[in-house]
Amino acid sequence: MAYSEALPKEQIPLGCQLCESEKKIEWKCNDCNLFMCDQCKDGVHFRIAKDHKLLNIKEIGEHEDSWNSFAFSKLNCQDHPNQPCSLYCKTCSNVICLKCIVKVHNGHDFVDEEEFCDKKEVLQEGQKKVQSNLSKLSCRKGKMMAPEEAENPKLLQIKQNIMDHKKNLCKIMEIYADNLVHDANQQFGTLKQEEGTKIDKEIQNMHAKNEALESIIKSRDFMKFLSDFDKLYVSLNENMLQDTSNISSLPNFVPAEFTVLNFGTLEGNLSHAKFKVTNQWTTELRNIHSIVRCLDSSLWIADNVNGLLQHVKLETDNVNLLSSFNSKVFGLVDISSCILLSTEETRLKKIDRGSSDIGDSVYSIAPLIARDVHVTKDEKVVITARSPGKAFSAKGRSVVLVNQPGKRFVKFDLFEYERYPKPLFTLPVRVASTSNGNICVVDTLEKDLRGRVVVIGQAGKVKGIYSGHDDVNSKDKPFKPQDILATPSDNILVTDWENHLIHILNHDGEFISYYNLKDIGIYYPHSLALSTSGHLYIGCTGSFIPFLKTFRGKLYKENNAFFVITNLIETPKQTIGICSEDPKVLGLTVQHPVSVLQEKYFQLEMVSFLQVLLLTGECNTTVGRCLIRAWCPVENGAAKAPEPPALLGSKDFTVFIKNNIQFPKFKVKRRNLLDFFNNSMLSSCRFNQNHPEDQYCPIFILNDIVNLTGSNYEEMAVSGGVIEIQIQWNCNLDLSESDCVPKYIFRRLDSSDYKISKGYNFRYAKYYKENDVEYRTLFKAFGIKFILSVTGEAGKFNLEPFLINVGSGLAILGMATVICDIVVLYFLKARNLYKDKKYLQVVGDDAYKFETLLQTDQLQLDDQNDEDKSE
């Protein structure tokens, strides 16, 4: 029995709140907060709220106890046992009381009980969503496992068409038709299995989410709850797996001529083709004009502009170069024994397996010149050819079919001239073939590369000519096919280079669909190839590609430098159009219109400028500016950088600079993270040149760096600047290696006194689409560029140079007397007096007298010394 809230001196029993009777209550609805009897639960509540959560009355106490106990106020503070907890400190990952806030946790990040309960309710709502998704996925899986005939009428129609066609071919086609029925069933089974696998995987994910949510909701571990909340919250916002079980992806049956070899095929439905980039690689070639896939999954790629041919192996994140050749290649194909190449000569070239040389093959079509080469499924070689001379003036364009090496089968030469008064081909540049024997040729019509696709049947009859589609090709955007590929299902893929498209045709050259590769970030597609697993390789050329990367951070890494954005000028929602040029651009002012009625006739005083724009020849007389075709509206060149700067908070950014150096002569390696640093010191230290330890801290606050150059961050952040961070290593290696420490020097390289082009800035754009119209938002970003430079020298005592230096010093001292005498005797004015004092000339007897005199003087000097000693 349950009771209402206690009243003074008595308690009132609570009955069913739906039928308002005194029937025994057995259930409670958590969503409605109503108590009800068993009869009302099934007869009333379930009809109007079947999704609500009901609890047996016996479980309410346990459930509510778990919910109520999961609160801060039910716990006492660990540091102050007499105080109830009221907050959760995210910084310290602990539940705390009010006293803790004042004493220990001042300034930390907190979660109060109300926010905690709100987050728990969010998770509960998310759990309901997960449970609902589980139910939907189970229903979808049940539909997929239903009998084929009951759930898939399209499959029934495909089977019926196959069987009707089978009857028209009589008994000879029965086995072939049964095989196709089996293929259809198998393909549908594959689709069903793939969809079932996806649903099973999604169900597992949902169960995992549900279990995680159930675990954390019932958990009493506050730390685990709050640490896992954000991750679970993000996962709740992930969309459920979309229902992709559309049977339109099943192949259609396409009837063919009534021959044993051409009963028909299961052709994929490409009316709504979609492509997805699974991987991308950057090669050393600027252009990829040709791709050929080998049986070992390696690729041959060619750039005929720069004359390069490469054999490569694609790995997960890089391109492994196996071999390279310097040769212009216009077509190539892999046959069993070698690679055949067309180099626009009369004879095809070849590269044997494992060879590093290009040699002549046995295939010659002299006097014609080969352009492209292809091998059909029955191993016949097809070559597009033209007669010698200029490409668009030569006569005798043809497609040559070679049955055997050295023998030319001229069937296509004949029908080109005999059946058509005008030559069929202008310049056949690419060729492919379908499994039913059709030859597909890309025929270039003009020098600007506009062209068409010609499909020829086995009997030499033109089965179809495709010159582009009106939806995407026009006079301004002509169809410019570059490469052609036949798929295993006999669809034909054609690259439309300048329009960034792939056109999809059937085996007779009839249009099926097209796909804009720009939607998946692919520009200027040129060449095509199929991998062994059925994936499509698309080779692109190195033409101008718009900058599509979205700015997501404030730091840009450069070589030995980094850049911090501090200010922005935004020009939103630009689109390609015609508008007036910015008045700040010189040389585009209208000078003296001839008349009001003939405004478009004016003189332009042209000055060199760097804007990417096209003059239209018209003007806007209201503002006196030229009209241009560009991204409109144009950027306001007169706009000044905002003050205060938009991103002034970047001054508190920190940067961790790691520097490693080596003195190879002394085999000494050092880094700027010195030995006395540990994880605790590194997490808390900031560079301070006046502190005995922090002067070596490699973590710098940007504001401190700017201040150390004598500049002000707020002023510098407006228009930007350039700062050098110099790390000096001057070491005496006679001392301990630990005394070899860096010294940091900061200086500003630009000047705040510049009058024009002050500071440092660049522009970038963010591109997007709205209603199939391409827009961009242009940003002019100002910031500070920090350039890192490292200098240093080291020395160590060595005995050998020391002795050499000492000996050299003594020799120099010995030479000092000689040098002084030379200077005094020969260069001074009083040199004669010095000579008289230094030298005494004696001749004949004078020499003897002089010697006796010297001896007498010496004796007198000795006597005098003896007298001094005795005294």
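Since the model is a prediction, treat every value here as computed from it, not as a measurement. (Residues numbered from 1 in each chain as written. Predicted model: local features only at pLDDT ≥ 70, side-chain atom pairs only at ≥ 80, totals over all residues. Heavy atoms only, no water.)

Draft legend 1. Quick look at the confidence of the model for the chain. Looking at the chain, the pLDDT average stands at 75 and 73% of residues meet or exceed 70. Counted against residues more than four places away or in other chains, residues 406-420, with its pLDDT under 50, gives 40 contacts. (pLDDT = per-residue confidence, 0-100. Contact = heavy atoms within 4.5 Å.)

Draft legend 2. Quick look at the UniProt feature "transmembrane region" (unreviewed entry) in the chain. Per the UniProt annotation, the sites labelled "transmembrane region" (unreviewed entry) are residues 802-828. Counting secondary structure, residues 802-828 comes out at 93% helix and 0% strand; the distance between its end C-alpha atoms is 37 Å. (UniProt positions renumbered as here; feature names shortened; annotations may be inferred. Helix = DSSP H or I, 4+ residues; strand = E, 2+ residues; numbered from the N terminus.)

Draft legend 3. Up close: the packing of aromatic side chains. As enumerated under the stated definition, the model contains 19 aromatic pairs in all. Ring geometry for W497 against Y524: centres 5.4 Å apart, planes inclined by 50 degrees, an arrangement best described as tilted. With W497 in the loop between β26 (492-496) and β27 (501-505) and Y524 in the loop between β28 (511-516) and β29 (525-530), this residue pair connects regions lying 27 residues apart in the sequence. Taken individually, W497 and Y524 each receive the classification buried, so the pair is uniform in this respect. Geometrically, the ring pair formed by F700 and Y744 is edge-to-face, given 5.0 Å between the ring centres and 70 degrees between the ring planes. Separated by 44 residues along the polypeptide, F700 in strand β40 (residues 699-701) and Y744 in strand β42 (residues 743-748) bring together distant segments of the chain. When its relative accessible area of 6% is taken as the criterion, Y744 is described as buried. (Phe/Tyr/Trp six-rings, centres within 6.5 Å; stacked < 30°, edge-to-face > 60°. Buried < 20%, exposed > 50% of the residue type's maximum accessible area, 1.4 Å probe, protein only.)

Draft legend 4. Representation of the pairing of strand β41 (residues 721-732) within the structure. Summarising burial for β41: 10 of the 12 residues are buried, a large majority. The pairing of β41 with strand β44 (residues 773-795) spans 12 bridges and is classified as parallel. Looking at the pairing, C731 lines up with A794 of β44. (Pairing = 2+ DSSP bridges.)

Draft legend 5. Up close: the environment of A370. Relative to the helices and strands, A370 resides in strand β17 (residues 369-375). Taking the C-alpha atoms as reference, A370 lies 9.9 Å from P388; in sequence the two are 18 residues apart. Contacts of A370, omitting those with residues within four sequence positions, involve S342, E344, E345, L348, I365, I383 and T384.

Draft legend 6. Representation of the pairing of strand β23 (residues 451-456) within the structure. For β23, the buried fraction is high: 6 of the 6 residues fall into the buried class. Where burial is concerned, the two faces of β23 agree: the one with G451, V453 and V455 and the one with R452, V454 and I456 are both buried. Pairing analysis gives 6 bridges linking strand β22 (residues 439-444) to β23, with the strands arranged antiparallel. Each residue of the ladder has a partner; that of C440, found in β23, is V455. The turn linking β22 back onto β23 is made up of 6 residues, and L449 within it adopts a positive phi angle of 80 degrees. Strand direction decides the pairing type here: β23 and strand β24 (residues 462-466), joined by 4 bridges, are antiparallel. The residue of β24 that forms the bridge with V454 is I465.

Draft legend 7. Expanded view of unusual backbone geometry. A cis amide bond links A366 with the next residue in sequence, P367, at an omega value of 10 degrees. Locating P367 in the fold gives a position in the loop between β16 (359-364) and β17. Cis geometry marks the peptide bond from E643 to P644, where omega comes out at -5 degrees. When you line up the elements, P644 lands in the loop between β36 (625-632) and β37 (654-656). You will see that L449, though not glycine, has its phi angle at about 80 degrees, which is positive. Of note, L449 is situated in the loop between β22 and β23. A positive phi angle is found at H500, which is not glycine, with a value near 60 degrees. Mapping H500 onto the fold places it in the loop between β26 and β27.

Draft legend 8. Examining the sheet that holds strand β14 (residues 338-342) more closely. If you trace the 4 strands from one edge of the open sheet to the other, you get β13-β14-β15-β16, paired in antiparallel fashion. Single-partner strands in this sheet number two, and they are β13 (331-334) and β16. Ignoring which end each strand starts from, the neighbouring axes of this sheet average 30 degrees apart. Summarising the sheet, β14 and strand β15 (residues 347-352) pair through 4 bridges and their orientation is antiparallel. (Axes fitted to C-alpha atoms, helices over the stretch in contact; angles between N-to-C directions.)

Draft legend 9. Fine view of the sheet that holds strand β10 (residues 299-303). Taking strand neighbours across the sheet as the criterion, the 4 strands line up as β9-β10-β11-β12 in an open arrangement whose pairing is antiparallel. In the strand order of this sheet, the two ends are held by β9 (290-293) and β12 (319-325), each with one partner. The average angle at which neighbouring strand axes cross in this sheet is 25 degrees, direction not considered. Here 6 bridges tie strand β11 (residues 308-314) to β12, and the two strands are oriented antiparallel to one another. Within β12, the position partnered with H311 by the bridge is S323.

Draft legend 10. Quick peek at the side chain of D750. By the secondary structure assignment, D750 is in the loop between β42 and β43 (761-770). The exposure class assigned to D750 is buried, which follows from its relative accessible area of 14%. Polar side-chain contacts of D750 include one of 3.1 Å to the backbone nitrogen of V722. Within the local environment of D750, its side chain forms a polar contact with the side chain of R748, the two groups lying 2.8 Å apart. Excluding anything up to four places from it in sequence, D750 contacts M716, G720, G721, V722 and G759. (Polar contact = N/O pair within 3.5 Å; in protein donor to acceptor, adjacent residues only side chain to side chain.)

Draft legend 11. Structural context of the side chain of S527. Checked against the element boundaries, S527 lands in strand β29. With a relative accessible area of 0%, S527 lands in the buried category. Ignoring any residue separated from it by four or fewer positions in sequence, one finds S527 in contact with I288, H289, S290, I291, D483, Y537, I538 and G539.

Draft legend 12. Here's a closer look at the environment of Y760. Within the element layout of this structure, Y760 appears in the loop between β42 and β43. By relative accessible area, Y760 is classed as partly exposed at 26%. Between the C-alpha atom of Y760 and that of I784, which follows or precedes it by 24 residues, the distance is 6.7 Å. For Y760, the residues in contact, after removing those within four places along its chain, are F563, S719, G720, G721, V722, A781, F782, G783 and K785.

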